[in-house]
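Residue-level structure breakdown
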Amino acid sequence: MVILCMEIAEEIKEARDILQVILKAKKLLRMYPPNNPIYTKTLEESFLKFKQFLDYKDNFTINIRQNSILYDDEPIYSSNEKEDNLALFFFKDGLRQLTFKKGLPSDELEEFLKILAYDFEHEAFDEDIVTLLWEKDFQYIQYIVDEAFLIDEEEENYEVVAEKKVKEQVTDVNDLVRAYFEGFQEEEHKGIAIVPLTDKDLKMLVEEIERDSSEKIGKLISILFEIIYQTVGKTDIEDIFAFLRDSVKYCAEHGDLAMILEILSKAEQTIKDPVIGEREKKYLTMLNQYIGSDEIISLFAELFDSGVDIDEGLFNNIALYFDKNAIEPLIKYLGELKTIRARKIIIDSLVSLGKKDIHSIAKGLNDERWYVVRNIIYILRKIADKRAIEYLLKTIRHPDVRVKKEVIKTLGELGGREVIQSLRECLDDPDMQVRIAAVKAFGNIATEPAKKILLDKISEKSFKDKQFEEKKDFFETISRWKDEDVFNFLVKIMQTRSFFNRGKLFESKACAAYALGLTGNKDAIIVLEKFKDSGNKLLRDYSNIALRKLING
Amino acid sequence: MAEKTEKQQEREIHRTSQDVVNLLSVVLRTAQIHDSSNVAVTTAIDKFLALINYLISIEDGISLSLVGEFFYLNEIRIRYSLEYLLNFDFLIREFKKREIGKVFFKQPLKPEDMQIFLKGFIAAGFSDSPYEVINEVLSETERIEIDRLKKISEGGTVDTRKVIKKSYYNAVSFTKGVINKIRAGEKVNLKKAKRIVETMVDQILEEEKLLLGMTVIKDYDEYTYHHSVNVSILSIALGQRMGLNKRMLTELGLVALFHDIGKIEIPEEILNKPTNFTDDEWKLIKMHPLWGVKAILKLRGLDNITIKSAIVAFEHHLNYDLSGYPKVTKYHELDFYSRIVSVVDQYDAMTSSRVYSRIPLAPDKALSIMMERAGTQIDPLLFKFFINMVGVFPIGTLVMLDTKEMGLVYESDVVFADRPRVLIIINRNGERVNGPVVNLTEKDDTGKYLRTIVKTLDPNKYRINLAEYLL
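Residues numbered from 1 in each chain as written. Chains lettered and ligands numbered in written order. Predicted model: local features only at pLDDT ≥ 70, side-chain atom pairs only at ≥ 80, totals over all residues.

**So, the overall build of chain A**
What chain A contains, in helices and strands, is 28 helices and five strands. Against the 2.2 N^0.38 benchmark of 24 Å for 553 residues, chain A shows a C-alpha radius of gyration of 41 Å, more extended than a compact globule. Seen through its C-alpha atoms, chain A measures out along the principal axes to roughly 130 × 80 × 50 Å. Looking at the 553 residues of chain A, the share that counts as buried comes to 34%. (Helix = DSSP H or I, 4+ residues; strand = E, 2+ residues; numbered from the N terminus. Rg over C-alpha atoms; globule rule 2.2 N^0.38 Å. Buried ≥ 20, exposed ≤ 12 C-beta atoms within 10 Å, placed from the backbone.)

**Considerations on unusual backbone geometry**
Glycine aside, negative phi is the norm for most residues, and most peptide bonds take the trans geometry. The amide bond that connects Tyr325 of chain B to the next residue, Pro326 of chain B, takes the cis arrangement and shows omega of -5°. Relative to the helices and strands, Pro326 of chain B is located in the loop between helix H13 (304–315) and helix H14 (336–350). Positive phi outside glycine occurs at Asp137 of chain A, with the angle close to 55°. Counting through the fold element by element, Asp137 of chain A comes out in the loop between helix H5 (129–136) and strand E5 (141–145).

**Regarding the domain arrangement of chain B**
Considered domain by domain, chain B is made up of domain 1 (6–148), domain 2 (155–390) and domain 3 (398–470). Measuring from the centre of the C-alpha atoms in domain 1 of chain B to the corresponding centre in domain 2 of chain B gives 40 Å. (Domains from an automatic or database assignment.)

**As for the interface of chain A and chain B**
Listed as interface residues are 67 residues of chain A and, on the opposing side, 75 residues of chain B. Within the residue set of the side of chain A that touches chain B, elements represented by two or more residues are helix H4 (106–117), H5, helix H6 (158–168), helix H7 (173–183), helix H8 (199–212), helix H9 (217–228) and helix H10 (234–253) of chain A. Looking at the side of chain A that touches chain B, its residues break down into 31 nonpolar, ten polar and 26 charged. (Contact = placed C-beta atoms within 7 Å. Nonpolar A, V, L, I, M, F, W, Y, C, P; charged D, E, K, R; others polar.)

**A few points about the pairing of strand E2 (residues 70–73) of chain B**
All names here are of chain B. Only one face of E2 is buried: it carries Phe71 and Leu73, and the other face, with Phe70 and Tyr72, is open. Pairing geometry for strand E1 (residues 62–67) and E2, over four bridges, is antiparallel. Each bridged residue has a counterpart across the sheet, and for Ser65 the counterpart in E2 is Tyr72. As paired strands, E2 and strand E3 (residues 76–77) are joined by two bridges and run antiparallel to one another. Looking at the pairing, Tyr72 lines up with Arg77 of E3. (Pairing = 2+ DSSP bridges.)

**Some points on the sheet that holds strand E5 (residues 144–148) of chain B**
Either a parallel or an antiparallel arrangement is found when strands of a sheet pair, and the pairing is made through backbone hydrogen bonds. Residues and elements named next belong to chain B. With antiparallel pairing, five strands are arranged side by side in an open sheet as E3-E2-E1-E4-E5. Unpaired on one side and paired on the other, E3 and E5 mark the two borders of the sheet. As paired elements, E1 and strand E4 (residues 100–105) share four bridges and run antiparallel to each other. Within E4, the residue paired with Leu64 across the bridge is Val103.

**A few points about the sheet that holds strand E3 (residues 74–78) of chain A**
All names here are of chain A. Pairing in this open sheet of five strands is antiparallel, and the strands run E3-E2-E1-E4-E5 from one edge to the other. Because the sheet does not close on itself, it has two edges, and the strands there are E3 and E5. Going from strand to strand, the sheet's axes swing by 25° on average, the running direction of each strand aside. Of the strand pairs in this sheet, strand E1 (residues 59–64) and strand E4 (residues 95–101) are connected by five bridges, and their pairing is antiparallel. Bridging from a neighbouring strand, Phe60 pairs with Phe100 of E4. (Axes fitted to C-alpha atoms, helices over the stretch in contact; angles between N-to-C directions.)

Right, dumping it as structure tokens:
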């Protein structure tokens, strides 16, 4: 007797231990991914506990009450909490008994524990625990469910009342007997021919099922557009518009760009249809605003950053439907994207959108993030609209050199008299990178005043003190003009003599030699020949480079 | 190579079990066409032996049993497979014809054993005592034995019937609750709807006939709720026949349950109007597919279920050839689920007393009308599956037997479409009785059927309350 009691006590203890590993697994499997060692270890421990128990018993059965779990009528778990209460967790969905059978395999236990680890409180989560157990069709885990909770209290007696009602309508025996006797007069049953199913039928059915397995959102969208033709009141079109918006969002969440394009294209066609009323057109037009809203752009951004393979062409076509309200969210998410590819897609769409509203794009120049500002400048350069100059000139004093360089480059490409003064100031910037950018910008402007500014700068006394790299950029830039002024200017430098600071002078001469080579003017050959054997290595090398270029073309 | 998981092993077992039924079926089919020495037969035998002998070597004997409408291989129920559907049906029919309940392959077989089996099997097909004939022939081999087909006991079904009835009414009252909630603008719990449908799916898989029997219960006052549940049950049953998996069956059951949800927008005084509808009222009625889409999409955010439910709500009256309502401008074809729901919706509506038609049609009459509509209003292929499911005499048909008994079709028979189980309600003396339930596949000693349906009657003409008998 004592031994038996001890055995029972031991069994209860083991049952409690199993409950504890279930609780632990419920928590940890939610926290860690399957490849994490803690996840694996938790599973192994859980399986071991079950195995140890089921090695000696055929089943492990627990009965579930609202606030307690019993094994063999003994409470092995109890809690009065509303949250983190395992008993209530099972109980509220109608689960009343769980049985784990001998032979329970580890993968089935894992699936079971994974179900417990789901975030059932999440609003979008649509399953309850019983549904998940049901879908798994476990072989070694059985459960008993009380379905009563599915029925509302006021409908509890529905079955009794309905059945009573049916039974009250007892067929009159006279009617029954009349049916019987009149039945003999009725015509014989001719029957309907049942054609047996054939292999061909099955094949056709399989094809139908396979064909039908594709995504259904497209069909729903077609239906919504069909309904537009049948709307009768304001609320109807408001509802349909809301559903179309939901569809756009659904497609964006699922990365279905083709379907979004389909919606927009259908809306466009429908707007053009003369039978469609003005109110409907107004709502359909609003779809273009919606696709450019923060809500949808954020989904696009997430999609682009996810690394999923997407068709950029499709997005570009979608971007054609954006209206200017898309610019602000596009800029916002441009700064948050992590991948170059994602940024490129957004930048491309901002380039095409910015053509409609350069002012909104330019607002991005005020962004606190330097890299966003640099991207916006790039976008303005690609748009190539001189109206951008006004905004860019305000950004030329941006504290970040990278931004400054981008502005200078863009101003150089846009050109125009109004940029000259700001660029000229940049030639004196303390940062060499900025100065070089300004030199190149003047080269891009390629006007006479630009040339003059560069020549004057080279002529300044202090020019010789610049680093060789900067000097070379100056000379390389002025070689673009290829005119007599520049030729003579370069030749003059080549012929300059000095007793002092000869090293710096040789640097300037070497740059001039290099530039003469770039002009392509063969008259320079005679000048350069004189320096091909110069004692100064720098001058000798650049003279020879220039000669080769001029002679060989 | 990595060890197979339990799931893979389980799948393999089911696949192998299906292969046994399939290969045996091929052997028997081929042997009914060709001489048993023909190469087609011997090849089929070789394939069957390769599999069965392998299984016998592992399991120490293999038994193939027929219980009800299902085959079991050593106690494991073989799942219905779409791929082998015809061979399954063939084998069930041939087993039943010969009253074979179990074939036990005791030891590894030789081709000669199968030749003996075939000899007995074919001879039994022409005999009035088929079981005895095959059993006698099989005495020539020690490696194959058979058992007689057992009748399923009535006792066990009583409680099951209660459970099924409860589930049915749960579903109806839940549907009523959902509709009332939507009307009141309250939130609907889809988790509960799933649970209701999952129960129905389980019951269709386990007790299809009983649950189908419940669809005969038509309550005029609660028509919409009963109809929604009936369409859901019939759709699941049809889906199951077509080999859809559990998840798809649940999906189908859910979308079917909500197919008429748009009717909540129609004023009750119109829905329950005792006289015919005016043109304007008809216009309103025809709006319910559109309103269904709106009601469903307003229930919650877009997801797989709401999308599919909205599609079915919109299309269920559109017709296979798109000639129905609502009128559409640019449309290609109905969704697969819509075509299923459309078939069963028409059937249940025609056989119910409802707004459009106060006097319901007898089930067999409804099928006749639907047959004319196959190819235009309804999908001919799906209708073919449907009619094969419900049989020539669907449950609830009032029939006159050649024995001068009158009865009600109680359960259909998967194999013998014109030989259902019938509840006798008037005996041959013209007296009212309550039972027994007779099986029209039963034969007398000479091999003649004991009872055959000769006429069908219209229960509405005589105000016969079918539900009274089926509950």
